[in-house]
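Secondary and tertiary structure notes
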Amino acid sequence: DTAVSQTPKYLVTQMGNDKSIKCEQNLGHDTMYWYKQDSKKFLKIMFSYNNKELIINETVPNRFSPKSPDKAHLNLHINSLELGDSAVYFCASSPFSRSSYEQYFGPGTRLTVT
Amino acid sequence: DAKTTQPTSMDCAEGRAANLPCNHSTISGNEYVYWYRQIHSQGPQYIIHGLKNNETNEMASLIITEDRKSSTLILPHATLRDTAVYYCIVREGRGGGTSYGKLTFGQGTILTVHP
């Protein structure tokens, strides 16, 4: 049973293209996140959604647009891809409650922009 | 969120305890200490968290000093599968609060378990 799944696992594309990465969680969680891990392995949060509402946007370029059709899905659409967008993107989810502590991460999507 | 400092890398023999230190001297009263790890090419995995008491679960133990300025993650019997990057994160409160669950990852400690 996959808790947090992402598609595709690998994505190779050219500069200037538009692409999407999908994320789904079957844990019944209210909150979902997108993180970016660059070539130096630093892992940084990009967005957080709670029950389809954006609650964290960490100064990410406007070319990145998250979309949450329902609370089990948080997709990431990227316009006009640039070389610097090459990274591994991780989706995560957690319950939104005062007793929640852990986040569950997906397997990652390795994006390569050429 | 308070800043954390961890050694860049550590080695451990298989079957021995791995003790991973973390300094968080600027931690505030409502901040928790979390530990996550990332095995190569996988997403980060939650290990354990604590506020001020020592904690233990099926994966590890967390020892927090009385002044809360540092902590140690203990893997009691390290295996080769424990080779990973271990992240110590200090974060306000629980799921809510102004940080809304945001995790700020540092460089972490690369733990290598060898036979």
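The present account deals with the structure reproduced in this document. Predicted model only: the values in this text are computed from it and were never measured. Sequence order as written defines the numbering, with residues in each chain counted from 1. Chain letters start at A and ligand numbers start at 1, both assigned in the order the entries are written. The predicted origin of the model limits local features to residues at a pLDDT of at least 70 and limits the giving and counting of side-chain atom pairs to 80 or more, whereas totals for whole chains, interfaces and linings rest on all residues. Note that the side-chain values use all heavy atoms of the structure and ignore hydrogens as well as water.

Comments concerning the state of the cysteines
Criterion for a disulfide: a pair of cysteine sulfur atoms at a distance within 2.5 Å. Scanning the model with the defined rule gives two disulfides over all chains in all. Linked covalently through their sulfurs, A:Cys23 and A:Cys91 form a disulfide whose S-S length is 1.9 Å. For the disulfide bridge between A:Cys23 and A:Cys91, the dihedral angle about the S-S bond is near -75°, and by the sign convention the bridge is left-handed. Placement of A:Cys23 in strand E3 (residues 19-25) and of A:Cys91 in strand E9 (residues 87-94) is noted, with a sequence separation of 68 residues between them. Residue exposure (1.4 Å probe, protein chains only): buried if accessible area is under 20% of the type maximum, exposed if over 50%, otherwise partly exposed. In this structure A:Cys91 comes out as buried when scored by relative accessible area, which is 0%. Covalently, B:Cys22 is tied to B:Cys88 through a disulfide, its sulfur atoms 2.1 Å apart. Taking the sign of the torsion about the S-S bond as the criterion, the disulfide between B:Cys22 and B:Cys88, at about -80°, is left-handed. Helix and strand definitions follow DSSP, with helices as H or I runs of at least four residues and strands as E runs of at least two, each counted in order from the N terminus.

Observations concerning unusual backbone geometry
Residues and elements named next belong to chain A. Between Thr 7 and the following residue, Pro 8, the backbone shows a cis peptide bond with an omega angle of -5°. As for its position among the elements, Pro 8 is in the loop between strand E1 (4-7) and strand E2 (10-13). Phi is positive for Lys 41, which is not a glycine, with a value near 75°. With respect to the element layout, Lys 41 can be found in the loop between strand E4 (31-37) and strand E5 (43-50). Judged by its relative accessible area of 48%, Lys 41 falls in the partly exposed class. Positive phi, close to 45°, is recorded for Ser 80, a residue that is not glycine. Here Ser 80 lies in the loop between strand E8 (73-78) and E9.

So far we have only geometry, and geometry alone does not tell us how the molecule works.
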